[in-house]
Amino acid sequence: MRELRIGVVTPYPPSTTTLVEYGQHLVGAIARQPEVAEVVVLTDELPEGEYGEAPAGVRFAPCWRFNGLTNPLRIARTVRRERLDAVIWNVQFASFGDQRVPAALGLAGPAVLRAMGVPTVALLHNIMETVDLANAGYDMHPLVERVVRLAGRVVTRLVLRADVVALTMPQYVDVLREEYDADNVALIPHGTFDVPGDVDTDVPAGPAQLLAFGKFGTYKKVEPLLEAARRLRGDHDIEVVVAGTDSPNARGYLESVRAQYGEDGVRFTGYVAEEDVPTVFGEASVVVFPYTSTTGSSGVVHQAASYGRALVMPEIGDFRRLVEAEGYVGEYFDPEDTDTLTAAIDTILRSPETRVAQGRRNHAVAAGLPMDDIAGWYLEHVLHLTEATM
């Protein structure tokens, strides 16, 4: 029986803040659960008229602002007005702002709701202990960094006031259990967005497209990919496709890259609308991840895998461990060595058999982690919490 009214705190398209795509797919999957009567999306406020049509069983309740100082109270008032049975938070450390104070205050929201007696589950996509602040765009004096990390620990303890804190990476669960003595954390996989039932692992005729997808300029930089492509053009017909926008912490980055490298053999798509995502991935010969560090599980890995693409990924401990634990395969490179990136791409381009085999394996793994199953895991926690409050 569909009876629960669930709130989900998340940005939602056409918002341009972080975790937008994940929020959209998580909301849709929760709305499809048989126990759910309605999902109320507690989303950030956009100019009037910008919201699209809500999916079936979903309603928007804009109630917070990026860099707003009163977001926890505004969200709490909306939750009370809507009389929601439970609230799920889709957040990371910069969800509520790119300024330190509003970003921290926003993450006090789960503690506020739990104090109100509202069953609360927080999905935390990253933790301060594993974030490289300089690579993430927060270059600062070492003393300031120590203060920021101390504040991050305080914020983490606030998030841990939620009834359940879900994490997508096993090592994050270990850190919170060991360093915070937390007994309310749970591992829930990232999951895969819409997975086509059958994918074409062949690629269109013409130049081989090397796709980089995301928000660029901090720890995601496209210059190494452009340099690798330059070296490979003597042996391969290549086009680099840079799909996405600047990171909020690196405004103007892609325009500076365009000015430096030009557009010969490079295509900048800008923001990719949801309906254009299948085409962008379907035309790619290989998806490249020019990362120097990571801040959590990569949604782009799961997207690329769902479309049966081969992957070229950085040799970063947490990143590789998660990818291989989930079952994905690809070629790896040293993020400090462009020669290894060039060689990894060359391996894929020289062997269509390898590309197809990796694409099929990745699609099969992605199909085993659909968002509907992930949403079901969240609903199990919600049902347990709501039954306990009856």
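Residues numbered from 1 in each chain as written. Predicted model: local features only at pLDDT ≥ 70, side-chain atom pairs only at ≥ 80, totals over all residues. Heavy atoms only, no water.

## Some thoughts on the overall build of the chain
Scanning the chain from N- to C-terminus turns up 14 helices and 13 strands. Its C-alpha atoms give the chain a radius of gyration of 21 Å, near enough to 21 Å, the size a compact globule of 390 residues would have. Dimensions of the chain along its principal axes, counting C-alpha atoms only, are 65 × 50 × 45 Å. Sequence-distant contacts, at least 24 apart, represent 72% of the contacts inside the chain between residues at least 6 apart. Per element, the accessible surface of the chain, about 16,600 Å² overall, is 50% carbon and sulfur. Here the chain contributes 34 positive and 54 negative side-chain charges, whose respective centroids are spaced 6 Å apart. (Helix = DSSP H or I, 4+ residues; strand = E, 2+ residues; numbered from the N terminus. Rg over C-alpha atoms; globule rule 2.2 N^0.38 Å. Contact = heavy atoms within 4.5 Å. Areas by Shrake-Rupley, 256 points an atom, 1.4 Å probe, with all protein chains shown as cover. Lys, Arg positive; Asp, Glu negative; His and termini not counted. Charge placed at Lys NZ, Arg CZ, Asp CG, Glu CD.)

## Describing the packing of helix H10 (residues 299-306) against helix H13 (residues 352-367)
Their axes nearest at 7 Å, the elements H10 and H13 cross at an angle of 110°. Judged on the interaxial angle alone, H13 and H10 are roughly perpendicular. The chirality of how H10 crosses H13 is left-handed. Between H10, through His302, Ala305 and Ser306, and H13, the contact on the second element is made entirely by Asn362, His363 and Ala366. Of the residues in the contact of H10 with H13, the class split is 2 nonpolar, 4 polar and no charged. (Axes fitted to C-alpha atoms, helices over the stretch in contact; angles between N-to-C directions. Parallel < 35°, antiparallel > 145°, perpendicular 65-115°, else oblique. Left-handed = near helix turned anticlockwise from the far one by under 90°. Nonpolar A, V, L, I, M, F, W, Y, C, P; charged D, E, K, R; others polar.)

## Focus: the nonpolar core
Membership of the largest hydrophobic core comes to 37 residues, with the highest contact counts inside it found for Leu42, Ile75, Val87, Trp89 and Leu167. Of the residues forming this core, the biggest block, 4 residues, is contributed by helix H6 (residues 170-179). Leu4, Val58, Ile188 and Ala375 belong to the second-largest nonpolar core, a separate cluster that totals 31 residues. (Core = buried A, V, L, I, M, F, W, Y, C linked by side-chain atoms within 4.5 Å. Buried < 20%, exposed > 50% of the residue type's maximum accessible area, 1.4 Å probe, protein only.)

## As for the sheet that holds strand S5 (residues 120-124)
Think of a sheet as strands paired side by side through backbone hydrogen bonds, with each pair either parallel or antiparallel. Here 7 strands make up an open sheet; going across it, the order is S3-S2-S1-S4-S5-S6-S7 and the pairing parallel. Edge positions in the sheet fall to strand S3 (58-60) and strand S7 (185-187), since each of these pairs with one other strand and no more. Here the strands of the sheet are splayed against their neighbours by 25° on average, with no regard to which way each runs. The pairing of strand S2 (residues 36-42) with S3 spans 3 bridges and is classified as parallel. Directly across from Val41, in S3, lies its bridge partner Phe60. Here helix H1 (residues 20-31) sits on the sheet in contact with strand S1 (4-9), S2, S3, strand S4 (86-91) and S5, set at roughly 160° to S2. (Pairing = 2+ DSSP bridges.)

## Some details on the sheet that holds strand S11 (residues 286-288)
The strand order across the open sheet built from 6 strands is S10-S9-S8-S11-S12-S13, with neighbouring strands paired in parallel fashion. A strand with exactly one partner marks an edge of an open sheet, and here the two such strands are strand S10 (266-270) and strand S13 (331-333). Sheet twist, expressed as the average angle between the axes of neighbouring strands with direction ignored, equals 25°. Relative to S13, strand S12 (residues 310-314) is paired through 3 bridges, and the arrangement is parallel. Opposite Val312, over in S13, you have Glu331 as the bridge partner. Lying over the sheet, helix H12 (residues 338-350) contacts strand S8 (208-216), strand S9 (238-246), S11, S12 and S13, oriented at roughly 165° with respect to S13.

## Describing the pattern of salt bridges
With the rule as written, the count across this model stands at 19 salt bridges. Across the salt bridge formed by Arg65 and Glu45, the nearest N and O atoms sit 2.6 Å from each other. Residue Arg65 is found in the loop between S3 and helix H2 (71-82), and its partner Glu45 is found in the loop between S2 and S3; the two are separated by 20 residues along the sequence. Exposure remark for Glu45: the relative accessible area of 29% places this residue in the partly exposed category. Measuring nitrogen to oxygen at the nearest pair gives 3.2 Å for the salt bridge that ties Arg153 to Glu179. (Salt bridge = Lys/Arg side-chain N within 4 Å of Asp/Glu carboxyl O.)

## Topic: the side chain of Asn90
Relative to the assigned elements, Asn90 resides in strand S4. Classification of Asn90 by relative accessible area gives buried; the value is 1%. Of the polar contacts made by the side chain of Asn90, one reaches the side chain of His125; its length is 2.7 Å. Beyond its immediate chain neighbours, meaning those up to four positions away, Asn90 contacts Val9, Thr10, Pro11, Leu19, Tyr22, Gly23, Leu26, Ser95, Leu123 and His125. (Polar contact = N/O pair within 3.5 Å; in protein donor to acceptor, adjacent residues only side chain to side chain.)

## Concerning the environment of Leu113
Within the secondary structure layout, Leu113 lies in helix H4 (residues 109-115). In sequence terms Leu113 and Gly252 are 139 residues apart; their C-alpha atoms lie 38 Å from each other.

## Side note on H10
Among the 8 residues in H10, 7 count as buried, and that is most of the element. Residues of H10 that are buried include every one of Val300, Val301, His302, Gln303, Ala304, Ala305 and Ser306, and no others. Just beyond H10, the residue with positive phi is Gly308, at close to 70°.

## Notes on a nonpolar patch on the surface
A surface patch of nonpolar side chains, amounting to about 270 Å² of accessible area, comprises Leu69, Val101 and Leu105. Take Leu69: it is sitting in the loop between S3 and H2. (Patch = residues over 30% accessible without salt bridge, like charges linked within 9 Å, V, L, I, M, F, W, Y side chains within 5 Å.)

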